[in-house]
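Commentary on secondary and tertiary structure
Residue-level listing of the chains:
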Amino acid sequence: MFVSMNWINDFVDLEGEDIEKLIHRFTLSTAEVEGIEYKGRDINGIVVGEILSCEDHPDSDHLHLLKVDAGDGIYDVVCGAPNARAGIKTAFAKVGAQVGDIKIKSAKLRGQISNGMCCSAKEIGISDDHSGIMELDLSLKNGTDLKEIFPIDDIIFEVDNKSLTNRPDLWGHYGMAREFAALTGKPLKELPVKEDDYEGDEVVDIDVRNKDYCYRYTGVRIENVTGKVSPMYMQIRLYYCGTRAINLLADLTNYIMLELGQPTHAFDGNRISRIVVDTPKTDIKFTTLDGNERDITTDTLMIYDNDTPVAIAGIMGGLDSEIVEDTDSVVLECANFDGVCVRKSAQRMGLRTDASARYEKTIDPEMTMEAAKRFIKLLSEIDEGAKCVTKINDVYVKHYPEITIDFDKAFVDRYTGIDISAERIKNTLISLGFKVSSDGEAFSVRVPSYRATKDISMQADIVEEITRIYGYDNFEIKTTRSPIIPAKMSLKRREENLIKDLLVKAYSMNEVHTRIWADPDELRDIGLSPEENVMLIQGSKEQETGILRTSMFESFLPLIYANRNYKPAFGIFEIGRTIHGVREDDTADERRTLAIGMYSKESTEKSLYFKAVELINTMIDELKHVKAVYKKTGVSHVWQHPKNTSLISVSGTEIGTINTLHPTTLKKISKNGAVVCIEIDMDALLSVEPVEFEFEEPSKFPGIDYDLTLLLPENVRFEAIENEVAALRIADLKKLSVIDVYDAEVIKNITVRLKFSSDERTLTSEEVQKSVDLILERLAAMNIKLKVLE
Amino acid sequence: MKEMIQKLKSQFETKLKDVNDQKSLEDLRLDFLSKKGQITQLMKELSKVPNEQKKEAGQLINSFKQEVLERYEGKKEQLISLQEKLLIDGAESYDDSMPTGCPCGSYHPITLVQRELEDIFESMGFDVEDYNEIVDDYHCFEALNIPKYHPARDMQDTYYLTTKNQLLKSHTSAAQNAILKKYGKDLKEKGRPIRAVFPGRCFRNEAIDACHENTFFQMEGIMVDKDISVSNLIYFMKTMLSEVFSKEVTVRLRPGFFPFVEPGFELDIQCLICEGEGCSSCKNSGWLELCPCGMIHPNVLKYGGINTEENPYEYTGFAFGLGLTRLAMMKYGVKDIRTFNSGDLSSLSQFVSR
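Conventions used here
Residues numbered from 1 in each chain as written. Chains lettered and ligands numbered in written order. Predicted model: local features only at pLDDT ≥ 70, side-chain atom pairs only at ≥ 80, totals over all residues. Helix = DSSP H or I, 4+ residues; strand = E, 2+ residues; numbered from the N terminus. Rg over C-alpha atoms; globule rule 2.2 N^0.38 Å. Buried ≥ 20, exposed ≤ 12 C-beta atoms within 10 Å, placed from the backbone. Contact = placed C-beta atoms within 7 Å. Pairing = 2+ DSSP bridges. Axes fitted to C-alpha atoms, helices over the stretch in contact; angles between N-to-C directions. Core = buried A, V, L, I, M, F, W, Y, C linked by C-beta atoms within 7 Å. Nonpolar A, V, L, I, M, F, W, Y, C, P; charged D, E, K, R; others polar. Domains from an automatic or database assignment. Expected span 1.5 Å × (residues − 1). pLDDT = per-residue confidence, 0-100. Parallel < 35°, antiparallel > 145°, perpendicular 65-115°, else oblique. Left-handed = near helix turned anticlockwise from the far one by under 90°.

**Quick word on the overall build of chain B**
Of regular secondary structure, chain B possesses eleven helices and ten strands. Its C-alpha radius of gyration of 43 Å places chain B more than 25% over the 20 Å reference for a compact globule of 354 residues. A total of 354 residues make up chain B; the buried ones form 39% of that total. The contacts of chain B with a sequence gap of at least 6 include a subset with a gap of at least 24, amounting to 66%.

**Examining the overall build of chain A**
Each helix and strand counted, chain A has 21 helices and 40 strands in total. Against the compact-globule benchmark of 28 Å for 790 residues, chain A has a radius of gyration of 42 Å, which places it well outside the compact range. Referenced to the eigenvectors of the C-alpha coordinate spread, the extents of chain A come out at roughly 130 × 80 × 60 Å. Across the 790 residues in chain A, those meeting the buried criterion constitute 42%.

**Examining the sheet that holds strand 31 (residues 569–582) of chain A**
Residues and elements named next belong to chain A. Read from one edge to the other, the open sheet built from seven strands follows the order 27-31-32-36-35-34-33, with strand pairing classed as mixed. Two strands bound the open sheet, and with one partner strand each, they are strand 27 (510–511) and strand 33 (628–632). Here seven bridges tie strand 34 (residues 640–650) to strand 35 (residues 653–661), and the two strands are oriented antiparallel to one another. Counterpart to S649 in the pairing with strand 35 is E654. Lying over the sheet, helix 16 (residues 553–562) contacts strand 31, strand 32 (588–600) and strand 36 (674–681), oriented at roughly 25 degrees with respect to strand 32. Strand contacts of helix 17 (residues 605–624): strand 32, strand 33, strand 34, strand 35 and strand 36, with the helix running at about 25 degrees to strand 36, the strand carrying the most contacts.

**As for the pairing of strand 19 (residues 308–312) of chain A**
All names here are of chain A. Of all five residues making up strand 19, four are buried, and the element is well covered by its neighbours. With four bridges joining them, strand 18 (residues 302–305) and strand 19 adopt antiparallel strand pairing. The partner of Y304 across the bridge, within strand 19, is P309. Count of turn residues in the strand 18/strand 19 antiparallel hairpin: two residues, of which N306 carries a positive phi of about 55 degrees. Here strand 19 folds back onto strand 20 (residues 316–317), and the loop between the two strands holds three residues, one of which, G314, carries a positive phi near 75 degrees.

**Here we look at the nonpolar core**
Judged by nonpolar contacts, the single largest core of 263 residues is most densely connected at I46, A91, C119, A313, F337 and V676 of chain A together with M237 of chain B. By residue number, the principal contributor to this core is helix 7 (residues 248–260) of chain A, which donates nine residues. If we skip the residues at most four places from it in the chain, I46 of chain A touches A91, F92, A93, A97, V99, C119, I124 and L146 of chain A. Within the second largest apolar cluster, twelve residues are counted, among which are I721, F756, V768 and I784 of chain A.

**Re the interface of chain A and chain B**
The partner chain B presents 64 residues to the 75 residues of chain A that form the contact. Ranked by residue count, the leading element in the side of chain A that touches chain B is helix 13 (residues 459–470) of chain A, at seven residues. Each residue belonging to the side of chain A that touches chain B can be placed in one class, and the counts come to 32 nonpolar, 23 polar and 20 charged. In this sheet, strand 3 (residues 160–161) of chain B lies alongside strand 29 (residues 536–537) of chain A in antiparallel orientation, the contact comprising two bridges. Within strand 3 of chain B, the residue paired with L536 of chain A across the bridge is L161 of chain B.

**Quick word on the domain arrangement of chain B**
For chain B, the assigned domains read domain 1 (2–89) and domain 2 (109–348). Taking only C-alpha atoms, the centre of domain 1 of chain B and the centre of domain 2 of chain B are 92 Å apart.

**Considering helix 5 (residues 173–184) of chain A**
All names here are of chain A. An ideal rise of 1.5 Å per residue puts 16 Å on twelve residues; helix 5 measures up with 16 Å between its terminal C-alpha atoms. A large share of helix 5 lies buried, amounting to eleven of its twelve residues. Of all the residues in helix 5, the buried ones are H173, Y174, G175, M176, A177, R178, E179, F180, A181, A182 and L183. Contacts made by the buried residues of helix 5 are with strand 1 (2–4), helix 1 (5–11), helix 2 (19–29), helix 7, helix 12 (422–431) and helix 13. Two residues or fewer after helix 5 comes G185, characterised by a positive phi angle close to 80 degrees.

**Concerning unusual backbone geometry**
Working note: non-glycine residues mostly have negative phi, and peptide bonds are mostly trans. E262 of chain B connects to P263 of chain B through a cis peptide bond whose omega is -5 degrees. Residue position: P263 of chain B is located in strand 8 (residues 261–270). Phi at S651 of chain A is positive, roughly 50 degrees, even though this residue is not glycine. Its 16 C-beta neighbours within 10 Å are what place S651 of chain A among the partly exposed residues. The phi angle at K283 of chain B is positive, at roughly 50 degrees, despite the residue not being glycine. Tracing the sequence through the fold places K283 of chain B in the loop between strand 8 and strand 9 (287–296).

**Structural notes on the confidence of the model for chain B**
Any segment with low pLDDT has predicted coordinates that should not be analysed in fine detail. Taken as a whole, chain B shows an average pLDDT of 91; of its residues, 99% reach a score of 70 or greater. Here the prediction assigns the complex a pTM of 0.87, and the interface score ipTM is 0.89.

**Thoughts on the sheet that holds strand 39 (residues 748–756) of chain A**
Residue and element names in this part refer to chain A. Here we have four strands laid out as an open sheet, ordered 38-39-37-40, and antiparallel in their pairing. Looking along the sheet, the strands with just one partner apiece sit at the ends: strand 38 (733–743) and strand 40 (785–786). Bridge analysis of strand 37 (residues 704–712) against strand 39 gives nine bridges, and the strand direction is antiparallel. The partner of D705 across the bridge, within strand 39, is K755.

**Points about the domain arrangement of chain A**
Its domain assignment divides chain A into domain 1 (2–36 + 156–184), domain 2 (43–152), domain 3 (205–396), domain 4 (404–469), domain 5 (491–687) and domain 6 (704–786). Computed from C-alpha atoms alone, the centre-to-centre distance between domain 1 of chain A and domain 2 of chain A is 36 Å.

**Quick notes on the packing of helix 5 (residues 109–123) of chain B against helix 10 (residues 324–332) of chain B**
Residue and element names in this part refer to chain B. Orientation of helix 5 relative to helix 10, taken along the N-to-C sense of each, is 100 degrees, at an axis distance of 9 Å. On the basis of their axis angle, the class for helix 5 and helix 10 is roughly perpendicular. For the pair formed by helix 5 and helix 10, the contact residues are P109, I110, V113 and Q114 on the first element and L324, T325, L327, A328, K331 and Y332 on the second. Of the residues that constitute the contact of helix 5 with helix 10, the class distribution is seven nonpolar, two polar and one charged.

**With respect to the pairing of strand 25 (residues 435–439) of chain A**
All names here are of chain A. Pairing between strand 25 and strand 26 (residues 442–446): five bridges, direction antiparallel. Within strand 26, the residue paired with D439 across the bridge is A442. Hairpin connection from strand 25 to strand 26: two residues lie between these consecutive antiparallel strands, with G440 at a positive phi of about 65 degrees.

**Structural notes on the environment of Y131 of chain B**
All names here are of chain B. You can see Y131 is positioned in the loop between strand 1 (127–128) and strand 2 (134–136). The spatial distance from the C-alpha of Y131 to the C-alpha of Y160 is 18 Å, given a sequence separation of 29 residues. Discounting chain neighbours no more than four positions away, the residues touching Y131 are A174, A175, A178, F198 and G200.

**Points about the packing of helix 6 (residues 232–240) of chain A against helix 7 of chain A**
Residues and elements named next belong to chain A. Relative to each other, helix 6 and helix 7 sit at 60 degrees, their axes nearing to 10 Å. The angle between helix 6 and helix 7 places the two elements in the oblique class. Every pair of crossing elements has a handedness; the one defined by helix 6 and helix 7 is left-handed. Across the interface between the two elements, M234, Q235 and L238 of helix 6 pack against D251, N254 and Y255 of helix 7. A breakdown of the residues in the contact of helix 6 with helix 7 according to their chemical character gives three nonpolar, two polar and one charged.

**Section: the environment of E248 of chain B**
Residue and element names in this part refer to chain B. For E248, the location among the structural elements is in the loop between helix 8 (230–244) and strand 7 (251–255). Owing to 9 C-beta atoms within 10 Å, E248 belongs among the exposed residues under this scheme. Distance from E248 to D31, taken between C-alpha atoms, is 85 Å for residues 217 residues apart in sequence.

**Comments concerning the environment of R374 of chain A**
Residues and elements named next belong to chain A. The residue R374 is located in helix 10 (residues 367–382) in this model. Taking the C-alpha atoms as reference points, R374 and G71, separated by 303 residues in sequence, lie 39 Å from one another. For R374, the residues in contact, after removing those within four places along its chain, are L191, V193, I256 and L260.

**A look at the confidence of the model for chain A**
Mean pLDDT over chain A stands at 94; residues scoring 70 or higher make up 98%. Across residues 540–544 of chain A the pLDDT falls below 50, and counting only partners more than four positions away or on other chains, this stretch makes nine contacts in the model.

Pasting the structure below:
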């Protein structure tokens, strides 16, 4: 919103104030100012000039040769304006004058000397009218500086509309002026209004049928309006504040809106006999004054003339009842409509107007009467013949409750942490329009109606009013009463950090972030589609979203595909969220999930897989000091390999899966690469209690290593050897490790090393041989035999 | 005898001069010092010497032997050091300016910024909390005093789900209610102030471009205790931001409206690049809008079980929000917000560590 300081000055005398500083304070105390423009600063030396004569330029078909009387002399001017003619008075820039970016110099135009320039309103920056040079009142004295006639000089600042969301009172200059009054301590002037002077009994017939959406409807009929053009000061203000001048009545409604924040609408009086406010019974079509046909739904509030719709309440009037050139009679609407209804309707139609933007903010219904009287006042000043032909009819359907807030200084002290005097509290609130009664340091304040629609309702709100005017820059700042004791990192975060460090530092992996929803297009590229899951309800904006992912790999597989040429081998990981369908209570089952994706064109799938297993083992060992256990399982996603998908458990808790890719998916991602996927449920992992490791003094006696090469039949896993040996509980067997694996056809040759040692003595080879025999016997029962050298 | 020794001595000196490797040195040793060597031979000659001269001749031979031995050892040392020198001279001087492979992985930039902030907040007594990405309508809006028809609740801005009243959290504030409830007991029973930060991923239905993302990170913080004041809020914001930027920052507060705080503020810091003079980073204003904050709204504290209807100001507190994604952009000079969720390893692999 644009704010004119000239306009503000109508209501609060800011003479002697540093305006720039004041606007800066406004940012700190009220709302963010986005920019300041100094209007008229680049306009200088433009005076009233009378065109004494106008002849055609001998060498041009459109230029004229003028003689202009500028008060101090007569100047030869070459001018191309179509309306240049003898007898008119215009804005004349003499040599040396400044017109926007142009410094006026004496020049020759097609051989003719020109000492000055006649200006259009656009060139002076007070309108966008560039159809011709300005035509001024003939009574003006030649040579008078234009700035003495029109308020060209002004300071316009723009306030971020978003920062006014909660301040319906600031959507007009009068409310803004109230802020400046409070900031400077100067009085706010009363708004000049004029009572309706009609003395008969006629009223505009108003029937508010929908009492939910219409809070108040105030209307009056005015006739004999002969003025067509609004005065220049008004046009300039409207233009500076971003609105184009149209005609007197339209300009007046805009002017009232910019002044009070109360939208008003002027209907052509000849088109309106009886105002009805209601929603349509069925969906209808309606043409707004911008010429567009709109679809109106049954929850849109409309204004009717009897049964004929004439306006969309609070948004825009209709084409048929618009003020036109010969309108001399008007029915003025000053109304208050429900903010949510207006916002939803405007949104539905995609038609947000200055009026709807204001209604959305829940403006004060008390303003409608003020607005009507202000309209009458301004119109009567401009057009003396205009007459109210009815009384003002005021249908006040819904009042906001009056709000009174009690508090004391001690509360303010405690909430602010500083000491603001009772006197200052009182004065601040009074200047903002609160009715304050106080008894020493106890206050009882009545919230003004324009702040009571939603903005202020409790003590904390009052504190804001006091402190923002006091100025946050003036606050003494201090630490809290209770001491600061450093907090400890949670186990949850520590595990996350350890995992990330391990993956980045020991496994050279790259952390990525992916979206929580599956992307159908990306999945299609690798022959997949999103799995059935919880859906997003899509907004009206265009989005590529839809189904939440069940597995991190719905995001990771496309990502591996996208990066397949980044390097011949890489690993990516993320701790993100996956959604495992819907729980019984109809809520989404969200899990914190670690995904690790490994890709390689350099190694075989098998060695990549074992690197992944090593990674998991290292991770689990580091976090929990136990061993991970793997168990082959069936696939739960089409892209998993039926033979190489395993569940990972730790201390009996299932924590995740590891798998290679189904050949069909793998082929789509890479013809000659391998991919291994790991997914860990981080909360399941967190729930596993870490085992405390125990220190064991190394034996002082030499041990004996015993190597065995075993034949492992198909379908027997290495863990079988481990389990069987462990079951024997041989006290002196300290460790069993694998030192070599050789894959022969069907049967795997595996060389294990058994480490024997005792804490009490040196073992004899006989003792060890006895244990080995025991082990071999046990393994033989599992069909695991010792390889016999040929 | 004297002559013999003299002769042998000059013979030794001549031969020693020619010694230039281990082998010739060994030959010399064998020639003079071995059991069959010339000095031993000389000893044998001693029997021919008359008895009264034997003592003197013996001494002469011994001192000669001693001298030869010393000369030999000296030469041996000399040869070793010569050999070392040859080895050193012949060695390659390595070019350590040669590029090597770097086996470093990378952290996501958000992780780096988040860790830094978490460290700072933990040192200031804040617990770090984690929260779901899917939340319900109550936690995201109702409990935060956001009224039913508030524009933020429109479908245009928020991703609603097909499940019961659920949505993707549109701001980290959605965790406030749960955290107030989690720590409220300790506050009321043990007088332990609530201090918590909660980073998290947020979602808003926005068209994506270089400056807008539908998936981004925020970090929210709250402090609740008896008598927490606006003055405390400003103090903590200033201290915290000075830590974040590793230098004393100047802050200013101006009114900002958020339904879950009252009063609410927009906190600006003086531009770190131009120090308030005005430059392109701060759009010539000298200030950067950084951190919305405010005193927690009495209704929010009530819904969080901290205060009662009868005593709505028993405990007070402040809350603040930081845009982690925005901070990461500032810190690393990332110009396109899409980089973060791109998964593009040629970009992301650059964030090696802090």
